[in-house]
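Single-letter residue listing:
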Amino acid sequence: MGSGAAATRAVAQLVLLDSRFATLPGVVAEGRRVIANIERSANLFVTKTVYAMLIAVAVVILGWTYPFLPRHLTIISDFTIGIPGFFLALAPNKRRYIPGFIQRVLRFCIPAGTIIGVAALVAYGITFYTNHRSLTEARTAATLVVAAIALWVLVMLARPINWWRGLLALAMVLAVATIVAVPPFRSFFALSLPPSNVLGALAGVIVAGVVLVEAGWRATRRVEARHEPPPMTATSTAER
């Protein structure tokens, strides 16, 4: 208690400055919010690290031109990670603390990042090497595929969807769609849409990537559910 002896306060791990136990629920809620939102944000950022590293290594091994310009990465980083990550990090979150933070993050990010990286390389290869389109169109294809699947990752991490999380995800999708659809924006970001037959192939790559990422996320959730502690009951509280 804050009103206790100075020696006691000096060795205590937690001091209630107002000497009221009613403060503790707010302290616990704030701790849960910080820990849970750090994990959610880490999933976004580490997923990008995985696919960026995979693409960088792959283009060196294959001898390909790098499939993105800095302005393409701006689209991906801002609308699938930076802006939504800011809001998700500050959102209310009542999830209880569960040990195994690093394992859970890696269990989600490595498969998701690998899928996105492979999908980007496939889209780039289909456009540039198979259909012999321009480098600008190939880079656009890779950007669209990465942005689309990364937006789905954002939707998964925003679950359970409520009104503001749904609005946030919708705003990010509309922002990317506006850049692609409006010619001045498309020109500024060095985007050039490939022909319809290539776009159809890219749609197939996006659908396959989304399905695989979703399946991996569901498998991860099943594993985590087996390790989550049971909800607190009146009996267990009394025993403690």
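Every value quoted in this text rests on a predicted model; they were computed, and no experiment measured them.

Digging into the side chain of H72
Its location among the elements puts H72 in helix α3 (residues 70-90). Dropping the residues within four chain positions of it, H72 is found in contact with R139, T143, F189, A190 and L191.

Considerations on the side chain of R40
Within the element layout of this structure, R40 appears in helix α2 (residues 24-62). It turns out R40 is buried and unbridged, and the closest side chain with the opposite charge, E39, is 8.7 Å from it. Among the polar contacts made by the side chain of R40, one reaches the main-chain carbonyl oxygen of L157 at a distance of 2.9 Å.

Comments concerning the pattern of salt bridges
This model, assessed by the stated rule, comprises 4 salt bridges. Across the pair E214 and R159 runs a salt bridge, and its minimum N-O distance is 3.0 Å. Taken together, the positions of E214 in helix α8 (residues 196-227) and R159 in the loop between α5 (135-157) and α6 (163-181) put the pair 55 residues apart, joining distant regions of the chain. Judged by relative accessible area, which is 11%, E214 ranks as buried. Of the residues examined, R159 reaches a relative accessible area of 23% and is grouped as partly exposed. E214 serves as the salt-bridge partner of R218, at 2.9 Å between the closest nitrogen and oxygen. Taken together, the residues span about one helical turn, with R218 and E214 both in helix α8 at a distance of 4 residues.

Considerations on α2
With 39 residues, α2 extends 57 Å between its outermost C-alpha atoms, agreeing within 8% with the 57 Å of an ideal straight helix rising 1.5 Å per residue. A positive backbone phi angle near 75° is found at G63, which sits one or two residues after α2.

Some thoughts on the packing of α2 against helix α4 (residues 101-130)
For the pair α2 and α4, the least separation of the axes is 7 Å and the interaxial angle reads 40°. Taken together, the axes of α2 and α4 lie oblique to each other. Two packed elements cross with a definite hand, and for α2 against α4 that hand is right-handed. Class assignment for the residues of the contact of α2 with α4 results in 19 nonpolar, 5 polar and 2 charged.

Structural notes on α6
Helical periodicity: at 3.6 residues per turn, an α-helix aligns residues three or four positions apart in one direction. Here α6 spans 26 Å end to end across 19 residues, near enough to the 27 Å set by a 1.5 Å rise per residue. Every buried residue of α6 is listed here: R165, L168, A169, M172, A175, V176, I179 and V180. The buried residues of α6 all sit within an arc of 135° when viewed along its axis, so they share a single face. Turned more than 90 degrees away from the buried face of α6 sit W163, L167 and A181, all of them exposed. Residues of α6 that are buried in the fold lie against α2, α3, α5 and α7 (183-188).

Digging into the packing of aromatic side chains
Enumeration over the complete set of coordinates arrives at 8 aromatic pairs. Taking the ring centre of F188 as reference, the NZ or CZ of R71 above it sits at 6.0 Å. Across from the ring centre of W217, 4.8 Å away, lies the NZ or CZ of R159, which sits over that ring.

Points about a nonpolar patch on the surface
On the surface, a cluster of nonpolar side chains totalling about 710 Å² of accessible area is made up of V34, I35, I38, Y97, F101, I102, L106 and I110. At the level of elements, α2 and α4 are the ones that each hand at least two residues to the nonpolar patch. A total of 4 residues in the nonpolar patch trace back to one element, the largest contributor, which is α4. Checked against the element boundaries, V34 lands in helix α2. Classification of V34 as partly exposed rests on a relative accessible area of 36%.

Cut-offs applied
- Residues numbered from 1 in each chain as written.
- Predicted model: local features only at pLDDT ≥ 70, side-chain atom pairs only at ≥ 80, totals over all residues.
- Heavy atoms only, no water.
- Helix = DSSP H or I, 4+ residues; strand = E, 2+ residues; numbered from the N terminus.
- Contact = heavy atoms within 4.5 Å.
- Buried < 20%, exposed > 50% of the residue type's maximum accessible area, 1.4 Å probe, protein only.
- Lys, Arg positive; Asp, Glu negative; His and termini not counted.
- Salt bridge = Lys/Arg side-chain N within 4 Å of Asp/Glu carboxyl O.
- Polar contact = N/O pair within 3.5 Å; in protein donor to acceptor, adjacent residues only side chain to side chain.
- Expected span 1.5 Å × (residues − 1).
- Axes fitted to C-alpha atoms, helices over the stretch in contact; angles between N-to-C directions.
- Parallel < 35°, antiparallel > 145°, perpendicular 65-115°, else oblique.
- Left-handed = near helix turned anticlockwise from the far one by under 90°.
- Nonpolar A, V, L, I, M, F, W, Y, C, P; charged D, E, K, R; others polar.
- Arc of directions from axis to C-beta.
- Phe/Tyr/Trp six-rings, centres within 6.5 Å; stacked < 30°, edge-to-face > 60°.
- Lys NZ or Arg CZ within 6 Å of the ring centre and 35° of its normal.
- Patch = residues over 30% accessible without salt bridge, like charges linked within 9 Å, V, L, I, M, F, W, Y side chains within 5 Å.
- Areas by Shrake-Rupley, 256 points an atom, 1.4 Å probe, with all protein chains shown as cover.

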